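What follows is the residue order along each chain.
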Amino acid sequence: RFFRAVSRAATCYLRMGDFPSARKIVDKALDKLSPSSTHFQELYRKLTDINQLEAKVKEVVTVLTSPGLTADTVNKGIEQLAEIHPQVVYSEPMAALRSRALLASGRPRDAVSATEVHFEAPRGMREAPWRSWVVAQAKYHEGELGAAVEALDALHKALTVRARDCTTAAAEDKAAGAFGGDSVAALAVAGL
């Protein structure tokens, strides 16, 4: 049962895109097992899965954040993201990257949809500044200039409040970090 729990915990970390934590929990359990045991083999396969998924994520990040993106490159990246998305469904950086790619492919409505949080998450994650930025860009590309300005005004107000109340912002970022990434990580990975 302990080893199933280790595997499940690693899977939870994977869903958030937290590869170091997933690898760490599996490595610790592997250190306590004999290489000939069945549990060792199962956990070793899990470790291999972690490493393969991390490599796929790095590849898609490289594809979608490279300078001089072409329509073909963006579409290839979106396909790669669709393939790995179920495995990193709670990752903020992957959500930001997906939104950015959808904007780049001329699909602003899909980009806005990709910013939505469909699970119970801390306020700092649900209201992350990158989400407002994507919405503002999408509204601009749809020709809804008034809605774009409103989204930018809301973003400006939110950032001003966060800047004034650094304690709350830090607590919100810490809570969001526990759910797979904060706004800073999401912005950095997605190149927003």
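Residues numbered from 1 in each chain as written. Predicted model: local features only at pLDDT ≥ 70, side-chain atom pairs only at ≥ 80, totals over all residues. Heavy atoms only, no water.

Here's the deal with the overall build of the protein
Note the cut-off: Each helix corresponds to a stretch of at least 4 residues labelled H or I by DSSP, and each strand to a stretch of at least 2 residues labelled E; elements are numbered beginning at the N terminus. Burial here depends on accessible area, computed with a 1.4 Å probe over protein chains only, as a share of the maximum for the residue type. Under 20% is buried, over 50% is exposed, and the range in between is partly exposed. We call two residues in contact when some of their heavy atoms are within 4.5 Å. Note that accessible areas follow from Shrake-Rupley with a 1.4 Å probe, and for residues the cover is restricted to the protein chains shown.
Along the protein, the regular secondary structure elements total 11 helices and 0 strands. Reading the protein from its N terminus to its C terminus gives the helix and strand order α-α-α-α-α-α-α-α-α-α-α. Taking all 192 residues of the protein together, 38% fall into the buried category. Pairs at least 24 apart in sequence give 62% of the contacts found in the protein among residues at least 6 apart. For the protein, the exposed surface amounts to about 11000 Å²; the carbon and sulfur share of it is 55%.

Points about the environment of leucine 159
You can see leucine 159 is positioned in helix α9 (residues 145–164). Given a relative accessible area of 40%, leucine 159 falls into the partly exposed group. Placed 30 residues apart in sequence, leucine 159 and proline 129 show a C-alpha to C-alpha distance of 7.4 Å.

Examining the packing of aromatic side chains
Heads up, the condition is: In this scheme Phe, Tyr and Trp rings, the latter by its six-membered ring, pair at centre separations within 6.5 Å, and the angle between planes marks the pair as stacked below 30 degrees, edge-to-face above 60, and tilted otherwise.
With the rule as written, the count across this model stands at 2 aromatic pairs. Between the aromatic rings of phenylalanine 2 and phenylalanine 3, the centroid separation amounts to 5.1 Å while the plane-to-plane angle is 80°, which identifies the pairing as edge-to-face. Ring centres of phenylalanine 40 and tyrosine 44 lie 6.2 Å apart, and the angle between their planes is 10°; this geometry places the pair in the stacked category. Of the two residues, phenylalanine 40 and tyrosine 44 are both situated in helix α3 (residues 38–65); the distance of 4 residues between them amounts to about one turn of the helix.

A look at α3
Defined as follows: Multiplying one less than the number of residues by 1.5 Å gives the expected span of a helix.
For α3, with 28 residues, the first-to-last C-alpha span of 41 Å sits near the 40 Å given by 1.5 Å per residue. Among the residues of α3, Phe40, Leu43, Lys46, Leu47, Ile50, Leu53, Glu54, Val57, Val60, Val61, Val63 and Leu64 are the ones counted as buried.

A closer look at the pattern of salt bridges
Inclusion rule: The working definition used for a salt bridge is a side-chain nitrogen of Lys or Arg within 4 Å of a carboxyl oxygen of Asp or Glu.
Scanning the model with the defined rule gives 8 salt bridges in all. With its nearest N and O atoms 3.7 Å apart, the salt bridge here joins glutamate 83 to lysine 56. Here glutamate 83 is found in helix α4 (residues 71–84), whereas its partner lysine 56 is found in helix α3, with 27 residues between them in sequence. Glutamate 83 gets classed as exposed once you look at its relative accessible area, which sits at 54%. Note on lysine 56: relative accessible area 38%, which makes it partly exposed. Its salt-bridge partner being arginine 107, residue aspartate 110 comes within 2.9 Å of it at the nearest N-O pair. Relative accessible area serves as the criterion here: at 36%, arginine 107 is assigned to the partly exposed category. Because the salt bridges share partners, they merge into one network encompassing Arg109, Lys139, Glu142 and Glu144.

Brief notes about the confidence of the model for the protein
As a reminder of what qualifies: pLDDT: the predictor's confidence for each residue, scored from 0 to 100.
Mean pLDDT for the protein: 82, with 81% of residues reaching 70 or above. Across the protein, α4 holds the top mean pLDDT of 91, while helix α11 (residues 183–190) sits lowest at 54.

A word on the nonpolar core
To be explicit about the condition: Put simply, buried Ala, Val, Leu, Ile, Met, Phe, Trp, Tyr and Cys residues joined by side-chain atoms within 4.5 Å make one nonpolar core.
Judged by nonpolar contacts, the single largest core of 39 residues is most densely connected at Val26, Leu43, Val57 and Met94. Elements with a minimum of two residues in this core: α1 (2–15), α2 (19–31), α3, α4, α5 (92–104), α6 (108–115) and α8 (129–141). Take this core: its biggest share by element is 10 residues, from α3. Dropping the residues within four chain positions of it, valine 26 is found in contact with Val6, Ala10, Leu43, Lys46, Leu47 and Ile50.

Some details on the packing of α1 against α2
As a reminder of what qualifies: All axes are obtained by fitting lines to C-alpha atoms, using only the stretch in contact for helices, and the reported angles, taken between N-to-C directions, cover 0 to 180 degrees. Working definition: roughly parallel below 35 degrees, roughly antiparallel above 145 degrees, roughly perpendicular at 65 to 115 degrees, and oblique for all remaining angles. Helix crossings are classified by the rotation of the near helix relative to the far one: an anticlockwise turn of less than a right angle makes the crossing left-handed, while a clockwise turn makes it right-handed.
With their axes 7 Å apart at the nearest point, α1 and α2 run at an angle of 165° to one another. With respect to their mutual orientation, α1 and α2 come out roughly antiparallel. The two elements α1 and α2 meet at a crossing, and its hand is left-handed. Residues Val6, Ala9, Ala10, Tyr13 and Leu14 of α1 touch α2, and the partners they reach there are Phe19, Ser21, Ala22, Ile25, Val26 and Ala29.

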